[in-house]
Amino acid sequence: MLNFLSISSEPEIKSLAIGKFDGLHLGHQALFKELKDPKALLIIEKKHYTKGYLTPLKYRAKLVGMPLFFVYLEEISPLNALEFLDLLKKKFPHLERLVVGYDFRFGHERQNDALFLKECFEKTIIVPEVKIKEISVHSKTIKLALSHGDLSLANKLLGRPYEVCGEVISDQGLGHKELAPTLNIKTKDFILPSFGVYASLVKIKDPIYQKSVSFIGNRLSTDQHFAIECHVLDTIIENPPKEIALRLVQKIRDNMRFSSLKELKNQIQQDILRAKEILR
């Protein structure tokens, strides 16, 4: 993935979609359908963004299967609309088609909209609003659904199960000794759903996803530390990979406090049974 300001030109690219594309949700996919080969995405990103992503930059390239370029918003925000368009033509000299969403804005202080872009570049395709059951598909709506643990809505708007990737880390080993064996995961830059227990699918080895139950939150009954723990159903993972992908399917319950290890163990068994029902 290249900052398109750093390239001299990309003469092969004739079709370009512009946006932030965090999540690569159904609204974004509607834009991608309007692209024609040879095609690419231009991702506009804020520098020093710290709020987390549905799909961090390095994972987007794996999902879209086309060249990705990016530029920091702060680098192009001083440009007016015509200057920005001239820059696009310079970097992509054979550009024949631009694709943007209905709410796309650009130029200094976002003064111009998609209709103005089409006036300046006739071969601009403006994709209308995408709705699922009267709900407008936006990254912010998906993030809000995740914050409430509503994986059903989030996954419908994404068009796929919400997935986080992370490094497998060693832990205190309590699960293996007393409860249920878990993979402990450390993520970076991903937005996480509300704390609790989830029916999930985990990819240990390409391309297979295995049924699992996962915990996200602070361990209220032990050390209060934040954790992401995944128990693979009906399988013992002896040698896990360095990184795994976790698909969150449905929330089972909120995080709870337990008065004893026995009570926690009983609840974990109930969670496992519920996850099996959801994933069967």
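Residues numbered from 1 in each chain as written. Predicted model: local features only at pLDDT ≥ 70, side-chain atom pairs only at ≥ 80, totals over all residues. Heavy atoms only, no water.

Draft legend 1. Structural detail: the overall build of the chain. A tally of helices and strands in the chain yields nine helices and 16 strands. Taken along its principal axes, the extent of the C-alpha atoms in the chain is 70 × 40 × 30 Å. The proportion of buried residues among the 280 residues of the chain is 46%. Intrachain contacts of the chain at a sequence separation of at least 6 include 71% that bridge at least 24 residues. Split by element, the accessible area of the chain, about 14900 Å² in all, is 51% carbon and sulfur. Seen as two clouds, the 42 positive and the 34 negative side-chain charges of the chain have centres 2 Å apart. (Helix = DSSP H or I, 4+ residues; strand = E, 2+ residues; numbered from the N terminus. Buried < 20%, exposed > 50% of the residue type's maximum accessible area, 1.4 Å probe, protein only. Contact = heavy atoms within 4.5 Å. Areas by Shrake-Rupley, 256 points an atom, 1.4 Å probe, with all protein chains shown as cover. Lys, Arg positive; Asp, Glu negative; His and termini not counted. Charge placed at Lys NZ, Arg CZ, Asp CG, Glu CD.)

Draft legend 2. Examining helix H9 (residues 261–279) more closely. In this model, H9 (19 residues) spans 27 Å end to end at C-alpha, consistent with the 27 Å of a helix rising 1.5 Å per residue. For H9, the full list of buried residues reads Leu264, Gln267, Ile268, Asp271, Ile272, Ala275, Ile278 and Leu279. Down the axis, H9 shows its buried residues gathered within 150 degrees of arc, on one side only. Opposite the packed face of H9, turned more than 90 degrees from it, sit the exposed residues Lys262 and Leu273. Residues of H9 that are buried in the fold lie against strand S13 (196–205), strand S14 (208–218), strand S15 (226–232) and strand S16 (243–254). (Expected span 1.5 Å × (residues − 1). Arc of directions from axis to C-beta.)

Draft legend 3. The arrangement of the sheet that holds strand S11 (residues 162–169) in detail. Strand order in the closed barrel formed by six strands is S11-S12-S15-S14-S13-S16, with antiparallel pairing between adjacent strands. For this sheet the average axis-to-axis angle between neighbouring strands, irrespective of direction, equals 45 degrees. Where strand S12 (residues 183–187) lies against S15, two bridges are found, and the strand directions are antiparallel. The partner of asparagine 184 across the bridge, within S15, is glutamate 229. Contacts from helix H7 (residues 151–158) reach S11, S13 and S16, with the element oriented near 135 degrees to S16. Most of the contacts of H9 go to S16, to which it runs at about 105 degrees, and overall it touches S13, S14, S15 and S16. (Pairing = 2+ DSSP bridges. Axes fitted to C-alpha atoms, helices over the stretch in contact; angles between N-to-C directions.)

Geometric descriptors of this kind do not, in isolation, establish any biological role.
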